[in-house]
Amino acid sequence: METINVLLPKLMKVCVEGDGLGLEERLSVKKARKEGSPAQIVVQHIPRDDGGTAAMSLDAALLAPSKKRSGGRPTNSRDRAPYETTFKRTRFCTICRLPGHKSTTCPDRPTGVAKPRKEAKCSNCGLAGHRKTSCV
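The present account deals with the structure reproduced in this document. (Residues numbered from 1 in each chain as written. Predicted model: local features only at pLDDT ≥ 70, side-chain atom pairs only at ≥ 80, totals over all residues. Heavy atoms only, no water.)

### A closer look at the overall build of the protein
- The helix and strand inventory of the protein stands at two helices and two strands.
- If you list the helices and strands of the protein from N to C, you get α-α-β-β.
- In the protein, buried positions account for 12% of the 136 residues.
- Within the protein, contacts between residues at least 6 apart in sequence are counted, and of these 18% link residues at least 24 apart.
- With the model as given, the accessible surface of the protein reaches about 12900 Å², and the carbon-plus-sulfur share is 56%. (Helix = DSSP H or I, 4+ residues; strand = E, 2+ residues; numbered from the N terminus. Buried < 20%, exposed > 50% of the residue type's maximum accessible area, 1.4 Å probe, protein only. Contact = heavy atoms within 4.5 Å. Areas by Shrake-Rupley, 256 points an atom, 1.4 Å probe, with all protein chains shown as cover.)

### Considering unusual backbone geometry
- Here the phi dihedral of Arg97 falls at roughly 65 degrees; this positive angle occurs in a residue that is not glycine.
- Positionally, Arg97 belongs in the segment after β2 (53-59).
- The exposed category is assigned to Arg97, whose relative accessible area is 59%.

### Comments concerning the state of the cysteines
- Tallied over the entire structure, the rule returns zero disulfides.
- Free of any disulfide, Cys96 has its nearest neighbouring cysteine sulfur in Cys106, separated by 3.7 Å.
- Free cysteine Cys106: the closest other cysteine sulfur is in Cys93, separated by 3.6 Å.
- Given a relative accessible area of 7%, Cys106 falls into the buried group. (Disulfide = S-S within 2.5 Å.)

### Some details on helix α2 (residues 23-35)
- Compared with the 18 Å implied by 1.5 Å per residue over 13 residues, the 19 Å span of α2 between its first and last C-alpha is a close match.
- Of the residues making up α2, those classed as buried are Glu25, Val29 and Ala32. In an axial view of α2, the angular spread of the buried residues amounts to 65 degrees, which keeps them on one side of the axis. When the buried face of α2 is taken as reference, the exposed residues oriented beyond 90 degrees from it are Leu23, Glu24, Leu27, Lys30, Lys31 and Lys34. (Expected span 1.5 Å × (residues − 1). Arc of directions from axis to C-beta.)

### Observations regarding the environment of Pro110
- Checked against the element boundaries, Pro110 lands in the segment after β2.
- Residues Pro110 and Ile95, spaced 15 residues apart in sequence, show a C-alpha to C-alpha distance of 9.8 Å.

Structural data, given as structure tokens:
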């Protein structure tokens, strides 16, 4: 108990000075942010022992970040080594085997040689002409 009584006058001085991180200060800064005030906000005027007052300002940019986690999967923002970067693979045409285009846009592709589509069959009975949903 003696140590508390010894430290009490010193703690009272620290208590009066304030650091801007108390609940009231944070709430007033949050309110000022919503109203669109500038980043430098005067939080409160503190009376001094010599009779004057000291204006305590709290820069909104120096506030601690929000403890609420953002939704979604966290991003991996580390710098990758050059050997880890993925390069886009060149695609080759299956008709002429040249790079730069696919078989659907190949200039050597013969016109009108598309395979005819198969007739749809029922997956329930195997007969053509209807689907499983309308099978009798």
